[in-house]
Amino acid sequence: MATADSSWFDHRTQQRLQRVALYITALLITTFVIVPVYLMVVIALQSPAATFAGGQVNLIPKEITARNFLVLLETTETVRYFTNSLIVTASSTLLSTAIAIAAGYGLTRFEFRGKSIAARAVLFSYMFSPIVLAIPLYVIFFSLGLLNSYFALTLALTAISAPFTIWLMWQYFQTVPLSLEEAAWVRGASRFRTVWDVVLPVARPGYISAAIFAFAVAWNDFTMARIVMSNDDMYTINVGASLFLDRVTIGWGETMAVSLLISIPPFLIALFLQRYLLQGFSVGGLE
Amino acid sequence: MSVGLRERFSPRELDGSAWLLLVSFVPLVAFFVVVWVVPIAYALGMSLFENPVRNPVFVGLGNYVSLLTEPSFWGFLWNSVVYAVATTGLSLVLGLGLALVVNQKIRGGGALRTLMIFPYLLPTLVVIFMWKFILDPNIGILNQVLENAGLIDEPIAFFSTLTWAMPAVVITSVWKFASFAFFILLARLQAIDPDLYERARVEGATTWQAFRDITMPHLRGAILIILLVRGIWMFNKFDIIYLTTRGGPLQETTTLPIRVFQIAFNEVDFGRATALAGIMFFLLAGAAVVYFRTFAPEAEVSH
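Worth saying up front: this structure is predicted, and the values here are computed from it rather than measured.

Peer 1: Can you help me understand the packing of aromatic side chains in this one?
Peer 2: The way to describe two aromatic rings as a pair is by their centre distance and the angle between their planes. A complete count under the given rule lists 36 aromatic pairs over all chains for this structure. Centroid distance A:Y126 to B:W233: 5.1 Å. Interplanar angle 70°. Geometry classified as edge-to-face. Residue A:Y126 is located in helix α5 (residues 115–126), and its partner B:W233 is located in helix α10 (residues 207–235); the two belong to separate chains. Of the two residues, A:Y126 and B:W233, both sit in the buried class. Three or more aromatic residues joined by ring pairs make a cluster, and in this case those are A:Y138, A:F142, A:F222, B:F238, B:Y242, B:F261, B:F265 and B:F270. A cation over a ring is seen here: B:K176 above B:F177, with NZ or CZ 5.5 Å from the ring centre. If you follow B:R230 out to its NZ or CZ, it ends over the ring of B:F180, 4.8 Å from the centre.

Here you go:
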């Protein structure tokens, strides 16, 4: 086996083979990623009659129709579920980002003993299993009569996202030079004003990444909503839609249509805020 | 960084610091107490009782003993380990493969990178729907392809067959989470100085030698992080398995998180559910010790 030896392949051929291998790998992985997304889009935009004509699944689109979306609108509570999701996602994103900004700034600018313990506590809760937290939260919310409330789910979702948003802001504020603030103090600005006018604008990429993360956690959540919101009226879109598969009146067309709808907000984020998203990854990964 | 007032004055002497301290720490502390400390303490407390919600009877470690002595517990633990190891390992291999490809200057590399964000951003439920469709026994694309290729005689119900349930759940999970490994590894790859490769080439190193001696040492830390952190998360994952198999068929895909849910909401036994949650808590604490020893991640914020 002398493949590595130049007597078999000269340097050029070897390089060419490597490029071919490279493109084949890229193609295989791309296919693996694209096929499910393609299926979703095509099935969502085609009537089931066209998709399943002839007993086999036809995946070359023959038509574009809003039929599946209309069925969702008429026969399901999709709009209500969506509204619930938007409310808790927005509240949790705001709360998580606000806590992260306040805590991140404090943790960066004040010296105190036990900082490294605080850091460990934050990271430890970041790795925590939502299901383990959801059980006691369920019992506590139950005894307080808070099950099926936006407040409870917002709190539960923020519990999941805050450890990482705090960590991210904590790291981000360290890259903001203290001299910036000192310059403002010297000119007589109050500390609060300094934070508001000098620090926050500089820290914008940081809290945008934090907000994206909090948004993704809340929008993606199934576990917490499934446990905290057991009332049909209060289902989020993920819980509500998860029950579609068991309903006789709803088929793959409508299921893929709702999938497409759920995917739109994250898709818009990927489109416009990709840079911030990647920054979140580089700070130590997202869940 | 930040050599300035902080070095010369104590925080108290900086104007307005006391209330700023209040503004920044009170929310943090209040939040942590409300959503973390109280629930965890409450759960650990509940785990010592039989019927803790309505009619508590103190049983000490009874719930733990009964869980740990049940033979099925070890099966659930095993399922969790299999699921965590398989999903993490495959995500790593796929993510590394693609990161190496994108890191080479190939045409369409940028588009590939953007593409990899999608599985990660698509909500889990959407991913589940896609794969339930692909693997469906009646109209599933995969069965259609396999049958047309003559590889199988009759369709396979992947999510409800003993042999295939776990692999199907693993593939679904890997599809979503390979991008996690991809982005972390790509960031590390792009931080490697290209001169290193140039020098290796001049000295006559083969591609493999360059990979082994330059690329791998640079990726070691990232790979460890992925194995450990991703492994912990997959071990604890609930939604994917619940939404695909509910832990079935039989108990083939019942992992510890699924079991916690079943005990709490199907068997309505919060004593045992919180005891199992407690066991998972201690397993996580163990893993966290390894994580902190290996990486000292808190050093990144200790100044």
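Peer 1: Looking at this structure, how should I read the layout of surface pockets?
Peer 2: To find leftover empty space, a probe the size of one water molecule is rolled over the atoms. Size it by volume and the largest pocket reaches roughly 1,300 Å³. If you go around the largest pocket, you meet 30 residues; those closest to its centre are A:Q18, B:Q104, B:Y197, B:T207 and B:A210. Of all the secondary structure elements, the ones that give two or more residues to the lining of the largest pocket are α1 (11–45) of chain A together with α4 (71–103), α8 (162–190), α9 (194–202) and α10 of chain B. Tallying contributions element by element places α1(A) first for the lining of the largest pocket, with 8 residues. Residue composition of the lining of the largest pocket, grouped by class: 13 nonpolar, 13 polar and 4 charged.

Peer 1: Honestly, the environment of A:T175 in this entry has me stumped. Any pointers?
Peer 2: All names here are of chain A. Mapped onto the secondary structure, T175 falls in the loop between α7 (150–173) and α8 (178–186). Along the backbone, T175 and Y126 are 49 residues apart, and their C-alpha atoms lie at a distance of 22 Å. Engagement of the side chain of T175 in a polar contact is seen with the backbone oxygen of Y172, the distance being 2.6 Å.

Peer 1: What is the right way to look at a nonpolar patch on the surface in this model?
Peer 2: A grouping of A:F192, A:W196, B:W19, B:L22, B:V23 and B:V26 is seen on the molecular surface, where their side chains present a nonpolar patch of about 640 Å² in accessible area. Elements supplying a minimum of two residues to the nonpolar patch: α9 (191–202) of chain A together with α2 (17–46) of chain B. Here the nonpolar patch takes 4 residues from α2(B), the largest share from any one element. Locating B:L22 in the fold gives a position in helix α2. Classification of B:L22 by relative accessible area gives exposed; the value is 54%.

Peer 1: What's the story with the side chain of A:S149 in this structure? I'm lost.
Peer 2: All names here are of chain A. Within the secondary structure, S149 sits in the loop between α6 (130–144) and α7. One polar contact links the side chain of S149 to the main-chain amide nitrogen of A152, over a distance of 3.1 Å. Aside from chain neighbours lying at most four places away, what touches S149 is M229 and M234.

Peer 1: Which parts of the structure should I look at to understand the side chain of B:N63?
Peer 2: Take B:N63: it is sitting in helix α3 (residues 62–69). With near-sequence residues (within four places) excluded, B:N63 lies in contact with B:M46, B:S47, B:L48, B:F49, B:G271, B:R272 and B:A275.

Peer 1: Even after reading the chapter, I still don't get the confidence of the model for chain B, so can you show me in this structure?
Peer 2: A low pLDDT means the predicted coordinates there should not be read in detail. Residues and elements named next belong to chain B. Chain-level pLDDT for chain B is 88 on average; 94% of the residues reach the 70-or-more range. Contacts for the low-pLDDT stretch residues 1–13, under 50 throughout, to residues beyond four places or in other chains number 19 contacts. Prediction confidence for the complex, expressed as pTM and ipTM, is 0.90 and 0.89 respectively.

Peer 1: Just to check I follow, could you spell out the environment of A:I140 for this structure?
Peer 2: Turning to its location among the elements, A:I140 is positioned in helix α6. Judged by its relative accessible area of 16%, A:I140 falls in the buried class. Spatially, the C-alpha atom of A:I140 lies 12 Å from that of A:L155, the residues being 15 residues apart in sequence. With sequence-adjacent residues up to four places away left out, A:I140 is seen in contact with B:V38, B:P39 and B:Y42.

Peer 1: Got a minute to help me understand α5(A) in this structure?
Peer 2: In an α-helix there are 3.6 residues to a turn, and that puts residues three or four apart on one side. The terminal C-alpha atoms of α5(A), which comprises 12 residues, lie 17 Å apart, in line with the 16 Å expected from a rise of 1.5 Å per residue. Residues of α5(A) that are buried include every one of A:K115, A:A119, A:V122, A:L123, A:F124, A:S125 and A:Y126, and no others.

Peer 1: Even after reading the chapter, I still don't get the interface of chain A and chain B, so can you show me in this structure?
Peer 2: Bring the parts together and some accessible area is lost; that lost area is often taken as the interface size. Taken together, the contacts link 100 residues of chain A with 100 residues of chain B. Taken together, the two surfaces of chain A and chain B that pack against each other cover about 9,400 Å², and 77% of this comes from carbon and sulfur. Counting across the chain A and chain B interface gives 1 salt bridge. Its salt-bridge partner being A:R120, residue B:E298 comes within 2.8 Å of it at the nearest N-O pair. The interface formed by chain A and chain B includes 10 residue pairs in polar contact (both at pLDDT 80 or more). Per element, the largest residue contribution to the side of chain A that touches chain B is 16 residues, and it comes from α1(A). For the side of chain A that touches chain B, the class distribution of residues is 68 nonpolar, 22 polar and 10 charged.

The rules behind each value
- Just so you know, the residues in each chain are numbered from 1, in the order the chain's sequence is written.
- Chain labels run from A onward and ligand labels from 1 onward, assigned in the order the entries are written.
- With pLDDT at 70 or above as the cut-off, local features in this predicted model cover only qualifying residues; side-chain atom pairs require 80 or more to be listed or tallied, and sums for whole chains, interfaces and linings still use all residues.
- The side-chain quantities take in all heavy atoms of the structure and omit both hydrogens and water.
- Note on ring pairs: Phe, Tyr and Trp rings are taken, using the six-membered ring of Trp, and paired if centres are within 6.5 Å. Classes follow the plane angle, with under 30 degrees stacked, over 60 edge-to-face and the rest tilted.
- Strands are runs of DSSP state E lasting at least 2 residues, helices are runs of H or I lasting at least 4, and numbering of each runs from the N terminus.
- Accessibility here uses a 1.4 Å probe with only protein chains present; expressed as a share of the type maximum, an area under 20% marks a residue as buried, one over 50% as exposed, and anything in between as partly exposed.
- Placement of a positive charge over a ring is assigned whenever Lys NZ or Arg CZ falls within 6 Å of the ring centre and within 35 degrees of the normal to the ring plane.
- Definitions used throughout: a 1 Å grid over protein atoms alone; a cavity as a set of points that fits a 1.4 Å probe which cannot get out; a pocket as an open set with protein on both sides within 12 Å along at least five of seven lines; a lining residue as one with an atom within 4 Å of a point.
- Grid points are joined across faces, edges and corners, and a volume is the space filled by probe spheres set on the points.
- Gly is placed with the polar residues, together with every amino acid not listed as nonpolar (Ala, Val, Leu, Ile, Met, Phe, Trp, Tyr, Cys and Pro) or charged (Asp, Glu, Lys and Arg).
- Polar contact criterion, stated in full: a pair of N or O atoms within 3.5 Å, where within protein one must be able to donate a hydrogen and the other to accept it, and residues adjacent in sequence count only if both atoms are side-chain atoms.
- Patch membership requires over 30% relative accessible area and the absence of a salt bridge. Like charges are linked within 9 Å, and nonpolar side chains (Val, Leu, Ile, Met, Phe, Trp, Tyr) within 5 Å.
- Note that accessible areas follow from Shrake-Rupley with a 1.4 Å probe, and for residues the cover is restricted to the protein chains shown.
- Within this document, salt bridges are pairs made up of a side-chain nitrogen of Lys or Arg and a carboxyl oxygen of Asp or Glu, the two lying within 4 Å of each other.
- Pairs of residues are marked as contacts when any of their non-hydrogen atoms sit within 4.5 Å.
- pLDDT expresses, on a scale from 0 to 100, how confident the predictor is about each individual residue.
- What a helix is expected to span follows from its residue count: subtract one and scale by 1.5 Å.
- Summed over both partners, the accessible area lost on bringing two parts together, with a 1.4 Å probe, is the buried area.

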